[in-house]
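Spelled out from the first residue to the last, the chains are:
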Amino acid sequence: MTTDKEKIIILGGGGHAKVLIEIIRSGGIFEIAGILDARFEKGLKISGVPVIGKDDLLPGIFERDRIINACIGVGSTRDNSLRRALYEKVKQIGFSVPSLVHPKAVVSASCRISEGTQLMASSVVQPCSFIGENTIINTGAIIDHDCNVGRHVHICPGAVLSGECLVGEGSFIGTGATIVNGIKIGKNVTIGAGSVVVNDIADDSVVKGVPAR
Ligand code: JB3
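Worth saying up front: this structure is predicted, and the values here are computed from it rather than measured. (Residues numbered from 1 in each chain as written. Predicted model: local features only at pLDDT ≥ 70, side-chain atom pairs only at ≥ 80, totals over all residues. Heavy atoms only, no water.)

Colleague: Can you break down the overall build of the protein residue by residue, with the values?
Modeller: When its secondary structure is counted, the protein shows three helices and 23 strands. If you line up the protein on its principal axes, its C-alpha atoms span 55 × 30 × 25 Å. Expressed as a percentage of the 213 residues in the protein, the buried residues total 48%. A separation threshold of at least 6 residues defines the contact pool for the protein, and within that pool the share at least 24 residues apart is 29%. Within the structure as shown, the protein displays about 9,800 Å² of accessible surface, and the carbon and sulfur contribution to it stands at 53%. Across the protein, the mean location of the 22 positive side-chain charges is 4 Å away from that of the 21 negative side-chain charges. (Helix = DSSP H or I, 4+ residues; strand = E, 2+ residues; numbered from the N terminus. Buried < 20%, exposed > 50% of the residue type's maximum accessible area, 1.4 Å probe, protein only. Contact = heavy atoms within 4.5 Å. Areas by Shrake-Rupley, 256 points an atom, 1.4 Å probe, with all protein chains shown as cover. Lys, Arg positive; Asp, Glu negative; His and termini not counted. Charge placed at Lys NZ, Arg CZ, Asp CG, Glu CD.)

This is the structure we're talking about:
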């Protein structure tokens, strides 16, 4: 049976990809064409989706197979540079990278989310906030009002940004971290899990603890 759904290819077949597969399926917009991941044998199924090969197939998938949507299914555990590189690779080929929003995410009508953003279950983005390209707002994370979260950022599960916070591109906010109102976090910053951030953090810093230092 052919469907009139647009097709999408997923890069990566690990835990993050499994979460995204469920979001894609719940949205009912895309048909998942397959997974690219060198770690697995071609033909292996992950959450029912076949592994079809490695990233070197991307140009042919775009040009020959006319699949124009890609999903960055590789997560990040501290450093977002691989996600950034994969996003830039697929964009350079010409793919669109749809934002993926879990049906149980709470997303204000007045916030703006960019291409490639991934909002997981129970995440919240409050009014007038902005989320940059290829950024993950992971399970249960909260972005309160008037925040500005840059591109290629990972806000880990359960992390909380109070109102009017800024997070620079490439930064990583660890699981359960709390950022109090109005804090500015620079680019490529790593905030450890469970930290409480009460002061602005400069670019390229690595901080943790309560208060985070
Ligand atoms: O903590 C949470 C809720 N999620 C984590 C997520 C954000 O990051 C999760 O627990 C993991 O820590 C991590 O998820 P991810 O990236 O799915 O982890 P892992 O299970 O290691 O799977 C990564 C997959 O990406 C592996 O199968 C790699 O082979 C594959 N991979 C790595 N580099 C790649 C590339 N796949 C492609 N297509 N291209 C690559 O360059």
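Additional details are given in the paragraphs that follow.
Colleague: Let's hear about the pairing of strand β4 (residues 49–53): which residues, and what values?
Modeller: Across two bridges, strand β2 (residues 30–36) lies against β4 in parallel orientation. By the bridge assignment, I35 is partnered in β4 with V51. Note: strand β3 (residues 45–46) against β4, two bridges, orientation antiparallel. Across the sheet, residue K45 finds its bridge partner in β4, namely P50. (Pairing = 2+ DSSP bridges.)

Colleague: Talk me through the site of the ligand; I want residue IDs and the actual numbers.
Modeller: Residues in close proximity to the ligand total 19 residues, the closest being L36, D37, R39, D55 and G75. Within the backbone of G12, a nitrogen or oxygen atom sits 3.4 Å from a nitrogen atom of the ligand. Contact between the ligand and R39: an oxygen atom at 2.6 Å from a side-chain N or O atom of the residue. When isolated, the ligand has an accessible area of 820 Å², and the protein chains bury 65% of it. (Near = heavy atom within 4 Å. Polar contact = N/O pair within 3.5 Å; in protein donor to acceptor, adjacent residues only side chain to side chain.)

Colleague: I'd love a proper account of the sheet that holds strand β10 (residues 124–125), names of residues and values included.
Modeller: The strand order across the open sheet formed by six strands is β7-β10-β13-β16-β19-β22, and the pairing between neighbours is parallel. One side of each edge strand has no neighbouring strand; the edge strands of this open sheet are β7 (106–107) and β22 (196–197). As paired strands, strand β19 (residues 178–179) and β22 are joined by two bridges and run parallel to one another. Opposite T178, over in β22, you have V196 as the bridge partner.

Colleague: Lay out the environment of D65 with the relevant residues and their values.
Modeller: With respect to the helices and strands, the residue D65 is situated in the loop between α2 (58–63) and β5 (69–72). By relative accessible area, which is 35% here, D65 ends up partly exposed. Linking D65 and K7, residues 58 residues apart in sequence, is a C-alpha distance of 9.8 Å.

Colleague: So what about the domain arrangement of the protein? Which residues, and what values?
Modeller: Looking at the protein, the domain boundaries give domain 1 (6–93) and domain 2 (99–206). Here the C-alpha centre of domain 2 lies 23 Å away from the C-alpha centre of domain 1. Taken together, the contacts link 18 residues of domain 1 with 22 residues of domain 2. For the pair domain 1 and domain 2, the summed buried area comes to about 1,700 Å², and 56% of that belongs to carbon and sulfur atoms. For E169, the salt bridge goes to R84, with nearest N and O atoms at 3.0 Å. (Domains from an automatic or database assignment. Buried area = accessible area lost by both parts, 1.4 Å probe. Salt bridge = Lys/Arg side-chain N within 4 Å of Asp/Glu carboxyl O.)

Colleague: So what about the pairing of β2? Which residues, and what values?
Modeller: Among the seven residues in β2, five count as buried, and that is most of the element. In the sheet, strand β1 (residues 6–11) pairs with β2 via six bridges, with the strands oriented parallel. In the sheet register, K7 faces β2, and the bridge partner there is E31. Each parallel crossover has a hand, and the one from β1 via helix α1 (residues 15–27) to β2 is right-handed. (Right-handed = clockwise from strand over helix to strand, strands pointing away.)

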